[in-house]
Amino acid sequence: MNTEIQTLGQKPVFKSTSWFLSRQTTKKRTWKGLKQIVSSEKSLPWSENVVHYSSINTPPSFLPPEKLSDLSGLSAPYTDPQTRLRFANKEEYTTMIDLPMDITAGYLALRGATSIVG
Amino acid sequence: MEVLQFIDTKTVPDIVHTYSPELKKNAVPIIIDNGSYTCRVGWATSSEPLIQFRNLIAKPRRERLKKDTIEIPQTPQLQVGNDIVNIEAVRFQLKTQFDRNVVTHFEAQEHLLDYAFSHLGINTEDCVPHPILCTEAVLNPNTSRQLMSELLFECYNVAGICYGIDSIFGYHNYHKPMESALIVNLGYQYWYCCHIIPVLNNQTNFENTRRLNTGGFHIVNFLHRLLQLKYPVHATAITVSRAEELLHNVCRVAVDYREELKKWANAEFYENNVKKIQLPFTINTITSAVTLEQQKERKRELARRLIEINARKREERLAEDEEKIGQLLDIKEMIELGADRETIERTLTEFQIKNVLDLEKTIFTLNTKIEKTKQKILAASSNIDEMEEPQAKQSKFSKMAFESDKEMYVFVQNVRKLKQEILTKKMVRKQRKQDMAKRRTAAGQERMRIISQLARKEKGNDDFGMRDEDWDIYKTISKDGGDSDSEAENEKLLEFDEILRTHEPSELGDCSQPGEAHQLHIGVEMFRGPELIFKPYMIGSQEAGLSEVIAYVLSLFNPDDQLKLASNVVVTGGLADLPGLRDRLLTDLISVRPFKSTVNITIINNASLSSWYGARNFAQSAEFMDTLVTKKMYQEMGAEYFKVHKYSNPFNASPTSIAVEGDLCV
């Protein structure tokens with residue numbers, strides 16, 4: 001009870017009292033995430049020519065991705081078969097083999113290459 | 001080379017502005033540029049937005065109830081917008097009303113609007129009697145808009161609402177807007193994405209608009225993580241806010257990324273162009289030296305105290321023994337003097353002695369004991385001086401005296417050689433270990449051969465291990481190669497280092513500057529970050545990059561319109577002022593356009609505020625009043641209703657209930 005009175009006291013003067021009171025009593029509301037909103041929007045029977053939020057996503061890239069070194073960002077002709085990290089030259093390789101597991105995994109995660117299939 | 005510093009700007013809490021009677025009387029519209037990075041709020045009559053704040057709230061977690069306390073835990077203070085002084089301290093409690101670029105969390109939105117309105121100084125009872133012009137995402141889903149209208153009308157009782165798209169406002173603020181343009185909005189206002197919006201004959205073409213779901217947020221996170229991985233030691237010092245600072249102050253867009261990479265591969269170029277940034281650090285090199293000295297001092301002190309304690313104990317024991325022997329001698333004297341038998345026996349039992357013979361024996365042993373203790377005390381007192389001596393000698397590497405420079409040189413060379421030997425040994429071991437781990441190396445195959453040979457031996461007569469040589473086989477096949485880096489070797493290495501340091505301080509590459517270990521070197525990274533919007537595959541996204549999308553959007557039009565659009569490409573948004581961006585876009589665009597066709601790219605000045613200015617200009621115009629949705633209309637037309645104008649999204653009423661019911665009937 002005590003806390004409720006306290007928060008009531010904090011009500012900014014310009015806020016509607018009825019709204020404020022209703023928010024105090026009703027339990028916490030969960031809000032739909034964007035994914036949910038978009039999927040429910042998609043499921044509606046829109047007429048043909050309507051453009052939605054989800055219909056303006058960019059197309060996938062048609063250009064082949066360049067291979068860049070995970071460590072230095074330089075173009076990387078080599079891949080280490082053990083860690084799957086890409087590297088540009090032998091100096092990088094020597095530093096790379098000393099890297100602990102969590103760092104190599106971090107680099108892979110940054111590139112989004114953690115999936116086994118890819 | 002100049003070393004840069006992080007500024008670590010702190011937000012200043014906003015003041016509450018005065019709410020003048022004119023504002024109230026004229027019902028001046030309030031302009032809210034509601035971006036997912038910052039929110040800008042101001043009156044339509046003001047020249048600049050009055051308040052700008054990060055669209056964030058920090059909700060500290062309620063303290064867990066302890067079992068024995070009965071009192072109600074205090075609701076922790078909610079921090080909103082610029083109240084958050086140190087954003088890194090509350091990083092994990094931050095909440096925003098946005099999901100990507102769409103407002104979804106309206107509780108947070110309510111807190112942020114409270115913050116905005118109260119800092120504008122509004123003090124009218126139960127209402128905000130002003131029209132609101134609020135920006136929203138391109139093709140904002142109806143659900144989001146509906147909830148926003150609901151919040152503004154039901155909670156704040158606003159006089160009217162008008163929605164518009166930020167980048168279109170920004171474009172129209174541009175001094176000479178043409179009828180057709182290709183607006184490239186590089187998300188910072190909506191910092192999760194970038195938009196490419198074609199405008200033909202003052203009509204926004206939504207059909208061919210495209211949204212790239214990579215934006216400033218991704219660049220900042222990419223930089224943040226990249227530097228953390230590069231400098232794992234400083235992982236905590238590299239914060240998200242600092243990554244943001246890097247993006248704004250250091251990063252640039254490469255005109256030709258590949259060329260740039262080739263340049264950076266050159267060590268000399270790297271040296272000359274790398275940006276060094278100093279992380280805050282505390283000088284502890286000197287203090288550590290002091291503590292080393294202190295440690296020695298402390299050790300010495302401890303040793304001295306121990307010696308003292310021992311000496312005292314010995315003396316006590318000596319005194320005790322002497323007292324006892326005195327008593328025993330008294331008894332002996334008593335016996336010799338011929339005291340009566342009974343008293344003698346009583347005193348003897350008191351001292352736990354059986355008979356006179358025993359008494360003699362005890363006296364003898366005590367005597368020798370006393371003698372020994374006395375000797376020990378003597379030895380100890382002379383020892384104290386001796387103990388001091390080697391202590392002084394302890395710093396044994398304190399530069400030995402050499403007869404000539406040449407001799408010293410030879411000595412140092414020798415030490416260096418020894419050190420190198422150990423290092424090589426270590427390296428060979430490491431190499432072996434690696435070779436063993438792989439299958440196809442010679443070492444690995446040899447190992448497999450031996451193992452299989454051992455396994456082939458018949459059972460029954462297994463005498464492996466009987467001979468000493470068998471152990472050698474174990475050594476060759478064990479993955480460590482029989483021996484590992486020994487403790488003794490490591491100690492030796494440290495010792496050599498110490499010797500080298502005392503004799504040739506420059507040798508070991510000691511940092512000349514104290515903070516050098518706390519510097520971040522930003523080389524390729526300054527291009528690598530912004531490159532992300534051109535190459536989203538760098539973070540594993542499947543999407544096309546910015547230039548590719550621009551080319552794609554252009555390809556959706558007929559050649560005439562393509563020319564119109566390409567000759568007026570306008571870049572807005574917070575990332576638009578990255579150096580090099582214009583040149584990059586220009587080269588990329590020229591490469592996809594027909595030979596010698598007109599291509600023109602403009603970067604809007606003050607790109608991050610332009611949409612607020614544009615919105616303000618619109619609110620001052622005459623047509624603004626016609627685009628307002630009043631509360632009456634809201635109640636009549638439904639919550640998702642809004643009026644379409646030049647700057648707004650298209651209005652498509654959701655075909656919800658009727659259609660769904662129709663489906664159900666069928």
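Thresholds, definitions, all that
- Residues numbered from 1 in each chain as written.
- Chains lettered and ligands numbered in written order.
- Predicted model: local features only at pLDDT ≥ 70, side-chain atom pairs only at ≥ 80, totals over all residues.
- Heavy atoms only, no water.
- UniProt positions renumbered as here; feature names shortened; annotations may be inferred.
- Helix = DSSP H or I, 4+ residues; strand = E, 2+ residues; numbered from the N terminus.
- Buried < 20%, exposed > 50% of the residue type's maximum accessible area, 1.4 Å probe, protein only.
- Contact = heavy atoms within 4.5 Å.
- Areas by Shrake-Rupley, 256 points an atom, 1.4 Å probe, with all protein chains shown as cover.
- Pairing = 2+ DSSP bridges.
- Axes fitted to C-alpha atoms, helices over the stretch in contact; angles between N-to-C directions.
- 1 Å grid on protein atoms, 1.4 Å probe; cavity = no way out; pocket = protein on both sides within 12 Å on 5 of 7 lines; lining within 4 Å.
- Points joined across faces, edges and corners; volume = space filled by probe spheres on them.
- Nonpolar A, V, L, I, M, F, W, Y, C, P; charged D, E, K, R; others polar.
- Parallel < 35°, antiparallel > 145°, perpendicular 65-115°, else oblique.
- Left-handed = near helix turned anticlockwise from the far one by under 90°.
- Core = buried A, V, L, I, M, F, W, Y, C linked by side-chain atoms within 4.5 Å.
- Salt bridge = Lys/Arg side-chain N within 4 Å of Asp/Glu carboxyl O.
- Polar contact = N/O pair within 3.5 Å; in protein donor to acceptor, adjacent residues only side chain to side chain.
- Patch = residues over 30% accessible without salt bridge, like charges linked within 9 Å, V, L, I, M, F, W, Y side chains within 5 Å.
- Lys, Arg positive; Asp, Glu negative; His and termini not counted.
- Charge placed at Lys NZ, Arg CZ, Asp CG, Glu CD.
- Phe/Tyr/Trp six-rings, centres within 6.5 Å; stacked < 30°, edge-to-face > 60°.
- Buried area = accessible area lost by both parts, 1.4 Å probe.

Going by an unreviewed UniProt entry, chain B carries the name Actin-related protein 5 and comes from Dendroctonus ponderosae. Annotation of chain B in UniProt includes, under Sequence similarities (unreviewed entry), the sentence "Belongs to the actin family."

In the nomenclature of an unreviewed UniProt entry, chain A corresponds to Vps72/YL1 C-terminal domain-containing protein from the organism Dendroctonus ponderosae. Checking UniProt for chain A, the heading Subcellular location (unreviewed entry) contains the comment "Nucleus".

S.K.: I'm lost on the overall build of chain A in this one. Help?
M.R.: For chain A, the count of helices and strands is 5 helices and 2 strands. Counted from the first residue to the last, chain A has its helices and strands arranged as α-α-α-β-β-α-α. Counting over 118 residues, chain A shows a buried share of 38%. Across chain A, contacts joining residues at least 24 apart in sequence account for 14% of those joining residues at least 6 apart. Only carbon and sulfur atoms are counted for the fraction: they give 59% of the accessible area of chain A, which is about 7500 Å².

S.K.: When you look at the pairing of strand β12 (residues 181–185) of chain B in this model, what are you seeing that I'm missing?
M.R.: The side chains of a regular strand alternate, first on one face of the sheet and then on the other. All names here are of chain B. Along β12, 5 of the 5 residues are buried, which leaves the element largely enclosed by surrounding structure. Strand direction decides the pairing type here: β12 and strand β13 (residues 194–200), joined by 5 bridges, are antiparallel. Paired with alanine 181 across the bridge in β13 is valine 199. Relative to strand β18 (residues 569–572), β12 runs parallel, the two being bridged by 4 bridges. By the bridge assignment, valine 184 is partnered in β18 with valine 571.

S.K.: What should I look at first to understand the UniProt feature "domain: Vps72/YL1 C-terminal" (unreviewed entry) in chain A in this one?
M.R.: According to UniProt, the positions carrying the feature "domain: Vps72/YL1 C-terminal" (unreviewed entry) are residues 67–96 of chain A. Between the first and last C-alpha atoms of residues 67–96 of chain A the distance is 17 Å; the span itself is 23% helix and 13% strand.

S.K.: Any chance you could explain the sheet that holds strand β1 (residues 3–5) of chain B here in plain terms?
M.R.: Paired through their backbone hydrogen bonds, the strands of a sheet run either parallel or antiparallel. Residue and element names in this part refer to chain B. With mixed pairing, the 3 strands of this open sheet are ordered in space as β1-β16-β17. Across the chains shown, the open sheet's two edge strands, defined by having one partner strand only, are β1 and β17 (519–522). Strand-to-strand twist of the sheet, defined as the mean angle between neighbouring strand axes without regard to direction, takes the value 35°. Sheet topology note: the β1/strand β16 (residues 275–278) ladder contains 3 bridges and is parallel. Within β16, the residue paired with leucine 4 across the bridge is isoleucine 277.

S.K.: Would you explain empty space enclosed by the protein in this entry?
M.R.: Applying the stated criterion across every chain yields a total of 9 cavities of 30 Å³ or more. Size it by volume and the largest cavity reaches roughly 100 Å³. Taken together, 13 residues make up the lining of the largest cavity; nearest its centre are Glu41 and Val51 of chain A together with Asn140, Asn142 and Asn652 of chain B. Residues of the lining of the largest cavity, tallied by class, amount to 7 nonpolar, 4 polar and 2 charged.

S.K.: What am I meant to see in the packing of helix α5 (residues 216–230) of chain B against helix α6 (residues 240–249) of chain B here?
M.R.: Packed helix pairs are characterised by how far apart their axes lie and by the angle those axes make with each other. All names here are of chain B. Where α5 contacts α6, the two axes come as close as 8 Å, and the packing angle between them is 110°. Relative to α6, α5 is oriented roughly perpendicular. In this structure, the crossing between α5 and α6 has a hand that is right-handed. Packed against α5, whose contacting residues are Ile219, Val220, Leu223, His224 and Leu227, the element α6 presents Val240, Ala243, Glu244, Leu246 and Leu247 at the interface.

S.K.: In this structure, what is going on with the nonpolar core? I would like to understand it.
M.R.: Among soluble globular proteins, nonpolar side chains are generally buried collectively. Residue and element names in this part refer to chain B. Ranked by size, the top nonpolar core spans 73 residues in total, and within it Ile30, Val41, Phe117, Ile122, Leu133, Leu152 and Tyr156 carry the most contacts. Considering each element in turn, this core owes the most residues, 8 residues, to helix α2 (residues 106–120). Not counting chain neighbours up to four residues away, the residues in contact with valine 41 comprise Ile30, Ile31, Ile32, Pro49, Leu50, Ile51, Phe53, Ala116, Leu120 and Trp612.

S.K.: Even after reading the chapter, I still don't get the pattern of salt bridges, so can you show me in this structure?
M.R.: Side chains that differ in charge, positive against negative, can pair when their charged atoms come close. This structure, assessed with the given rule, holds 27 salt bridges over all chains. For arginine 111 of chain A, the salt bridge goes to aspartate 70 of chain A, with nearest N and O atoms at 2.8 Å. Residue arginine 111 of chain A is located in helix α5 (residues 101–111), and its partner aspartate 70 of chain A is located in the loop between α3 (34–42) and β1 (78–79); the two are separated by 41 residues in the primary sequence. When sorted by exposure, arginine 111 of chain A lands in the same class as aspartate 70 of chain A, which is buried. Among the ionic contacts, a cluster of salt bridges with common partners joins Glu66 of chain A together with Arg258, Glu531, Lys535, Arg584 and Asp588 of chain B.

S.K.: Where do I start with the environment of serine 597 of chain B in this structure?
M.R.: Residue and element names in this part refer to chain B. Within the secondary structure layout, serine 597 lies in the loop between α19 (581–592) and β19 (601–603). The spacing of serine 597 and leucine 186 is 411 residues in sequence and 25 Å in space, taken between C-alpha atoms. There is a polar contact of 3.1 Å between the side chain of serine 597 and the backbone oxygen of proline 594.

S.K.: How should I be thinking about the layout of surface pockets in this particular structure?
M.R.: To find the voids left in a structure, one rolls a probe of water-molecule size over its atoms. Residue and element names in this part refer to chain B. Taken as a whole, the second largest pocket encloses approximately 920 Å³ of empty space. Around the second largest pocket sit 32 residues that line it, and Thr9, Thr11, Tyr37, Arg54 and Glu244 are the ones nearest its centre. Of all the elements in the fold, those that place two or more residues in the lining of the second largest pocket are β3 (38–43), β4 (51–54) and α6. For the lining of the second largest pocket, the residue count by class is 9 nonpolar, 14 polar and 9 charged.

S.K.: What am I meant to see in a positive patch on the surface here?
M.R.: Residues and elements named next belong to chain B. A grouping of Lys313, Arg317, Lys324, Lys369, Lys372 and Lys376 is seen on the molecular surface, where their side chains present a positively charged patch. Among the secondary structure elements, those contributing two or more residues to the positive patch are α9 (285–337) and α11 (356–393). Within the secondary structure, lysine 369 is located in helix α11.

S.K.: How should a negative patch on the surface be read in this particular structure?
M.R.: A contiguous patch of negative charge on the surface is contributed by Glu315, Glu316, Glu320 and Glu323 of chain B. As for its position among the elements, glutamate 315 of chain B is in helix α9.

S.K.: Is there a simple way to explain the packing of aromatic side chains in this structure?
M.R.: For any pair of aromatic rings, the description rests on two quantities: the centre-to-centre distance and the angle between the ring planes. All names here are of chain B. Applying the stated criterion to the full structure yields 20 aromatic pairs over all chains. On the numbers, 5.2 Å between centres and 90° between planes, the contact of tryptophan 264 with phenylalanine 269 is edge-to-face. Under the relative-accessibility criterion, tryptophan 264 is labelled buried at 5%. Taking the centre distance of 5.7 Å and the plane angle of 85° together, the rings of phenylalanine 618 and phenylalanine 624 count as edge-to-face. By relative accessible area, which is 2% here, phenylalanine 618 ends up buried.

S.K.: Any chance you could explain the interface of chain A and chain B here in plain terms?
M.R.: A common way to state how big an interface is: give the accessible area lost once the parts meet. Contacts between the two partners involve 57 residues from chain A and, on the opposite side, 74 residues from chain B. When residues of chain A are sorted by the area they lose upon contact with chain B, Phe14, Trp31 and Tyr53 of chain A head the list and together hold 15% of the total. As a salt-bridge pair, lysine 15 of chain A and aspartate 114 of chain B come within 2.7 Å of each other at their nearest N and O atoms. Inspection of the chain A/chain B interface yields 26 residue pairs in polar contact (both at pLDDT 80 or more). Contributing elements (two or more residues each) for the side of chain A that touches chain B: α1 (2–9), α2 (17–25), α3, α4 (90–97) and α5 of chain A. Top element by residues in the side of chain A that touches chain B is α5 of chain A. It accounts for 5 residues. Tallied by class, the residues present in the side of chain A that touches chain B amount to 27 nonpolar, 18 polar and 12 charged.

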